[in-house]
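# Observations on chain architecture
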Amino acid sequence: MKNILLICLFALSLNGISQNKKANLETITLGGGCYWCVEAVYENLDGVKSVVSGFSGGKVANPTYEEVSTGETGHAEVVQITFDKNVTDINEIFKVFFTVHDPTTLNRQGADVGTQYRSVIFYKNEEQKKAAQSIIADLNKAKVYNSPIVTKVEPFKVFYKAEDYHQNYYANNKNQPYCKMVIQPKIEKFEKVFKDKLKKK
């Protein structure tokens, strides 16, 4: 009987630890151009538990990549990032975001042009909203960029996961020309600026 009681107490303590860990997770949805690029960067940030590529901010339910690519659904290519607040925080997530894409070009990132490539933050609570507005205001005030930031800050509504072949795209296609010419330089910039924040391999 004593052993059974001890086992029950141990199970309860493990459950409590599990619940505490879960309580420290937070999710944010960001659009910074092609989601292959953004996903590849955040996959390497310490504290990030998952990065899922998909679509948000449009008017069509369950859109396909081809539909979003026309620019007619209103969706942006986004990544949904889940991170451990004990390891990183929303401010660091935003610092990475504003380092690895150009937030001053409207509906464009390099050669990728269209509303689906717009710079946007879909916030899930007031803390995320205020943090996003604060960093944008600080960056504009400090004139970090030559032009004003055009990143939209909008309430999150719904996220649609992209097709499976879009997930972990860079990791699975490193030899593709787009990966070498567009994504790799972003990762190298991220690794240089945030060298102390990289996941240990």
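Residues numbered from 1 in each chain as written. Predicted model: local features only at pLDDT ≥ 70, side-chain atom pairs only at ≥ 80, totals over all residues. Heavy atoms only, no water.

## Details of unusual backbone geometry
Stated precisely, the cut-off is as follows: Three exposure classes are used, based on accessible area relative to the maximum for each residue type with a 1.4 Å probe and protein chains only: buried under 20%, partly exposed in between, and exposed over 50%.
Even without a glycine there, the phi angle at asparagine 62 is positive, about 50°. A relative accessible area of 59% means that asparagine 62 is categorised as exposed. Phi at asparagine 168 is positive, roughly 55°, even though this residue is not glycine.

## Focus on the pairing of strand β2 (residues 48-56)
Each regular strand shows side chains that alternate between the opposite faces of the sheet. Rules: Two strands qualify as a pair provided that DSSP identifies no fewer than 2 bridges between them. Secondary structure counts use DSSP, requiring at least four H or I residues in a row for a helix and at least two E residues in a row for a strand, with both numbered from the N terminus.
Sheet analysis places β2 next to strand β3 (residues 76-84), joined by eight bridges and oriented antiparallel. Within β3, the residue paired with glycine 54 across the bridge is valine 78. Of the strand pairs in this sheet, β2 and strand β8 (residues 159-161) are connected by three bridges, and their pairing is antiparallel. Within β8, the position partnered with serine 56 by the bridge is phenylalanine 159.

## Topic: the UniProt feature "active site" (unreviewed entry) in the protein
This is how the line gets drawn: UniProt positions are given in the numbering used here, feature names are shortened, and annotations may be inferred rather than shown by experiment. Any two residues whose heavy atoms approach within 4.5 Å at even a single point are treated as in contact.
The positions UniProt marks with the feature "active site" (unreviewed entry) are Cys34. Mapped onto the secondary structure, cysteine 34 falls in the loop between β1 (25-32) and α2 (35-42). Among all residues touching cysteine 34, those that are not within four sequence positions of it are Glu77, Asp112, Tyr117 and Tyr178.

## Observations regarding the nonpolar core
Selection rule: The criterion is simple. A nonpolar core is a set of buried Ala, Val, Leu, Ile, Met, Phe, Trp, Tyr and Cys residues joined through side-chain atoms within 4.5 Å.
Ranked by internal contacts, the top residues of the largest apolar core, which has 42 residues, are Ile28, Leu30, Tyr42, Ile81, Ile93, Phe94 and Phe98. Setting aside residues no more than four positions away along its own chain, isoleucine 93 makes contact with Ile28, Leu30, Tyr42, Leu45, Val48, Ile81, Phe83 and Thr88.

## Let's talk about the environment of glycine 110
Among the structural elements, glycine 110 can be located in the loop between β4 (108-109) and β5 (112-113). A relative accessible area of 52% places glycine 110 in the exposed class. Put simply, glycine 110 and glycine 33 are 77 residues apart on the chain and 8.6 Å apart in space, counted from C-alpha to C-alpha.

## Some words on the pattern of salt bridges
The criterion, for reference: Salt bridge, as used here, is a side-chain nitrogen of Lys or Arg placed within 4 Å of a carboxyl oxygen of Asp or Glu.
Counted under the stated rule, the structure contains two salt bridges. Where glutamate 26 meets lysine 85, a salt bridge forms, and the shortest distance between an N and an O atom there is 3.8 Å. Taken together, the positions of glutamate 26 in strand β1 and lysine 85 in the loop between β3 and α4 (90-100) put the pair 59 residues apart, joining distant regions of the chain. A relative accessible area of 40% places lysine 85 in the partly exposed class. In this structure, lysine 197 engages glutamate 92 in a salt bridge whose closest nitrogen and oxygen atoms are separated by 3.4 Å. With lysine 197 in the segment after α7 (177-193) and glutamate 92 in helix α4, the pair connects residues that are 105 residues apart, well separated along the chain.

## Quick word on the packing of aromatic side chains
To be explicit about the condition: For Phe, Tyr and Trp, where Trp contributes only its six-membered ring, two rings pair if their centres lie within 6.5 Å, and the inter-plane angle classes them as stacked under 30 degrees, edge-to-face over 60, or tilted in between. Consider the ring centre and the ring normal. A charge sits over the ring if Lys NZ or Arg CZ is within 6 Å of that centre and within 35 degrees of that normal.
A full pass over the atoms with the stated rule returns six aromatic pairs. Taking the centre distance of 6.4 Å and the plane angle of 35° together, the rings of tyrosine 35 and tyrosine 65 count as tilted. One end of the pair, tyrosine 35, is in helix α2; the other, tyrosine 65, is in helix α3 (residues 65-69), with 30 residues separating them in the sequence. Like tyrosine 35, the residue tyrosine 65 is buried in the burial classification. An aromatic cluster of at least three residues, connected via ring pairs, comprises Tyr35, Phe55 and Tyr65. Over the ring of phenylalanine 156 we find lysine 124, and its NZ or CZ is 3.8 Å from the ring centre.

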